[in-house]
There are 2 protein chains.
Amino acid sequence: MKLAIDAMGGDNAPEQILLGVNRALKEMPDLELLVFGDEKKISTYLDQNSRAQIVHAPDVILGTDEPVRAVRRKKESSLVMMAEAVSKKEAAACVSAGNTGALMAAGLFVVGRIDGVERPALAPTFPTIDGKGFVMLDAGANSDAKPEHLLQYAVMGSVYAEKVRGIDKPRVGLLNIGTEEKKGNELTKAAFKLLSDAKEFHFIGNVESRELLNGAADVVVTDGFTGNMVLKTIEGSALSIFSMLKSALTASTKSKIGALLLKEELRSLKNKMDYSEYGGAGLFGLKAPVIKAHGSSDANAFFHAIEQAYKMAQSNVPSIIETQIASGKE
Amino acid sequence: MKLAIDAMGGDNAPEQILLGVNRALKEMPDLELLVFGDEKKISTYLDQNSRAQIVHAPDVILGTDEPVRAVRRKKESSLVMMAEAVSKKEAAACVSAGNTGALMAAGLFVVGRIDGVERPALAPTFPTIDGKGFVMLDAGANSDAKPEHLLQYAVMGSVYAEKVRGIDKPRVGLLNIGTEEKKGNELTKAAFKLLSDAKEFHFIGNVESRELLNGAADVVVTDGFTGNMVLKTIEGSALSIFSMLKSALTASTKSKIGALLLKEELRSLKNKMDYSEYGGAGLFGLKAPVIKAHGSSDANAFFHAIEQAYKMAQSNVPSIIETQIASGKE
């Protein structure tokens, strides 16, 4: 299995990216990699390995670049060259921690959509209290969505949860502001009907955002605006609460001693909320797996994103999605 | 100043409601109240006070009742009779901790919309880390909204923040998935233009949900679907994290001792996240202030909701909103 890696994307590139790459090469014996980026910098960190080939990319897309323009103009960037390798079938899937918009644009214009899929969707996996996690899509690839798009998101998310996350009969929920059938806006009311009638997945009805971290569903379907909003609200609430907690723990000598006694428990709490174990966000609906690793990925997070791309490619997620989307249209 | 109170609504009615009423009568010397509900039950808890008059209401709207039907049929319920008192100008404003949908319906059909206001909005106040808080509207009165509705929400929220919360030139932000002007869905892109051109308030542009608890704006404007989603996501994330924290604090003898040393700090942390100090959610755009106290209100939360209704009525918020909406249309 050969994958393509963008070594230059993300806040901690290239060092942490390549430490993740080294680990993946060590732990996954049949993994082969094409590593795109600055040859000199890459060779500083990449362990010598016959299964890893450096491909020099003279340019890099920055986080501040306008995504679509960057993909069109920076043809020799590590991100675009990585996507080209997938398009030419030199690699089965690709992973980048770089500019999200640029990766989505490269996915769409270079890798290409699966026939029948109207809109690709960005699908991160979130942690839950029970440690099982859930995948949510769309988390922001397309701000506006039609009911038919949400139906396709449900198909794609369900295939992913089953084939990659190993969940039998994944529970698919529609993100809404109430659990009753008639709740919501025009979009969710129409989507509810479509999802209820579909046979390709196990629809459990509406789920509310306050139940997400309690594991209300394995796959949560929503439009990209709402998904992105909820993603950022969960992140922001957790960060704010943890920052207040940190101030509380260091407020006095007494509280510092208390914090010391709680050290292990607080670390395990933080690990529970850590989504790096779940890999990156998949860009679903493309002809090959494209994984967006978190911009702040460390070696561990990037390793899990590589693992995720590998599993998606190995279990043929894109072709199963294509078959299911086609059968749903019959 | 005479207000109308629904003594029978909410999880802790009538006891906690009436303890809040007793406190309000004690602390606010010119407050007069009409207290609607079961006369016998009310007189058990309500302190004898010449400024509080019990009005017997034989019926009650339950949390499980279908809102619009309940308001139409249960004419002798405490909630509907309270709204009627406002409509007949026997009271200047009203407060209930009961069925949110029924209170919105009673607000709309019994109290009535301000001329020129197209849609009333539900406006709760959220805590922020710095303790100042922000008001968000619409939190769910109308799932679907047009750009013009968001413009009116901005006017109403700004008047409230200035007159009731005492904020000079309140910062009005549009809730969006990015801070740049062109971010978002069709609704937010169109609303951005309208809000930028308006003169009636101080628009600061888009705000992201992850910055809300950091105090990104004093007034946050959004459609009711998104607002309700964000409200429930913040609540749910906070509850999930606190529940995990609680397990961590009681995991072992060692951690229990640690928790004991941190007792004060953890209590102050919880208080910071407590929105009962900010009163209930206002239903803005009606001819008189209608306040929805939280369903789980205790005496303290209900007291603050009464205080909020009093301030809104005293500073003539509805008539200022009417004037500003009319002037914006010229």
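Computed from a predicted structure; not experimentally measured.

1. Quick look at the packing of helix H1 (residues 15-27) of chain A against helix H11 (residues 299-314) of chain A
All names here are of chain A. Across the interface, H1 lies against H11 with an axial gap of 7 Å and an inter-helix angle of 50 degrees. Put simply, H1 runs oblique to H11. For H1 against H11, the interelement crossing comes out right-handed. Contacts between H1 and H11 involve Gln16, Ile17, Leu19, Gly20, Val21, Arg23, Ala24 and Glu27 on the former and, on the latter, Ala299, Asn300, Phe302, Phe303 and Ile306.

2. Focus: the sheet that holds strand E10 (residues 219-221) of chain A
Residue and element names in this part refer to chain A. The sheet built from five strands is open, its strands ordered E6-E7-E10-E8-E9 with mixed pairing. Unpaired on one side and paired on the other, strand E6 (125-126) and strand E9 (202-208) mark the two borders of the sheet. As paired strands, strand E8 (residues 171-176) and E9 are joined by six bridges and run parallel to one another. Looking at the pairing, Gly173 lines up with Gly205 of E9. Sitting on the sheet, helix H8 (residues 224-249) is in contact with E6, strand E7 (134-137) and E8, with an inclination near 135 degrees to E7.

3. A word on the pairing of strand E7 (residues 134-137) of chain B
Every other side chain in a regular strand lies on the same face of the sheet, so the side chains alternate between the two faces. Residues and elements named next belong to chain B. Burial along E7 is two-sided: Phe134 and Met136 facing one way and Val135 and Leu137 facing the other are all buried. Pairing of strand E6 (residues 125-126) with E7 involves two bridges; the strand directions are antiparallel. Looking across to E7, one finds that Phe126 is bridged to Phe134. With three bridges connecting them, E7 and strand E10 (residues 219-221) associate as parallel partners. Directly across from Val135, in E10, lies its bridge partner Val219.

4. Brief notes about the sheet that holds strand E5 (residues 121-123) of chain B
All names here are of chain B. Within the open sheet, the seven strands sit side by side as E3-E2-E1-E4-E12-E11-E5. Their pairing is mixed. Either end of the sheet is taken by a strand with one partner, and the two such strands are strand E3 (52-56) and E5. Strand-to-strand twist of the sheet, defined as the mean angle between neighbouring strand axes without regard to direction, takes the value 25 degrees. Both strand E2 (residues 32-37) and E3 contribute to a ladder of five bridges, which runs parallel. Its bridge partner lying in E3, Leu34 is registered against Gln53. Strands in contact with helix H4 (residues 78-87) are strand E1 (2-6), E2, E3 and strand E4 (93-96); relative to E1, the strand with the most contacts, it is inclined by about 165 degrees.

5. Considering the interface of chain A and chain B
At the interface, 51 residues of chain A touch 51 residues of chain B. A buried area of about 4,500 Å², summed over both sides, lies between chain A and chain B, and 72% of it is on carbon and sulfur atoms. The three residues of chain A that bury the most area against chain B are Ile177(A), Phe225(A) and Met244(A), which together make up 15% of that side's buried surface. Of the charged contacts in the structure, one is a salt bridge between Glu208(B) and Lys232(A), with a shortest N-O distance of 2.7 Å. On inspection of chain A and its partner chain B, the count reaches 14 residue pairs in polar contact (both at pLDDT 80 or more). Elements with a minimum of two residues in the side of chain A that touches chain B: E8, helix H7 (186-197), H8, helix H9 (253-261) and helix H10 (263-272) of chain A. Tallying contributions element by element places H8(A) first for the side of chain A that touches chain B, with 20 residues.

6. Description of the packing of aromatic side chains
Each aromatic ring pair is described using two quantities: the centre-to-centre distance and the angle formed by the ring planes. All names here are of chain A. Applying the stated criterion to the full structure yields six aromatic pairs over all chains. With centroids separated by 5.5 Å and ring planes inclined at 75 degrees, the aromatic side chains of Phe192 and Phe203 adopt a geometry described as edge-to-face. With Phe192 in helix H7 and Phe203 in strand E9, this residue pair connects regions lying 11 residues apart in the sequence. In terms of burial, Phe192 and Phe203 fall into one category: buried. It is Arg23 that lies over the ring of Phe303; its NZ or CZ is 3.8 Å from the centre. Taking NZ or CZ as reference, Arg72 lies 5.6 Å from the ring centre of Phe109, over its face.

So, how was this worked out
Residues numbered from 1 in each chain as written. Chains lettered and ligands numbered in written order. Predicted model: local features only at pLDDT ≥ 70, side-chain atom pairs only at ≥ 80, totals over all residues. Heavy atoms only, no water. Axes fitted to C-alpha atoms, helices over the stretch in contact; angles between N-to-C directions. Helix = DSSP H or I, 4+ residues; strand = E, 2+ residues; numbered from the N terminus. Parallel < 35°, antiparallel > 145°, perpendicular 65-115°, else oblique. Left-handed = near helix turned anticlockwise from the far one by under 90°. Contact = heavy atoms within 4.5 Å. Pairing = 2+ DSSP bridges. Buried < 20%, exposed > 50% of the residue type's maximum accessible area, 1.4 Å probe, protein only. Buried area = accessible area lost by both parts, 1.4 Å probe. Salt bridge = Lys/Arg side-chain N within 4 Å of Asp/Glu carboxyl O. Polar contact = N/O pair within 3.5 Å; in protein donor to acceptor, adjacent residues only side chain to side chain. Phe/Tyr/Trp six-rings, centres within 6.5 Å; stacked < 30°, edge-to-face > 60°. Lys NZ or Arg CZ within 6 Å of the ring centre and 35° of its normal.

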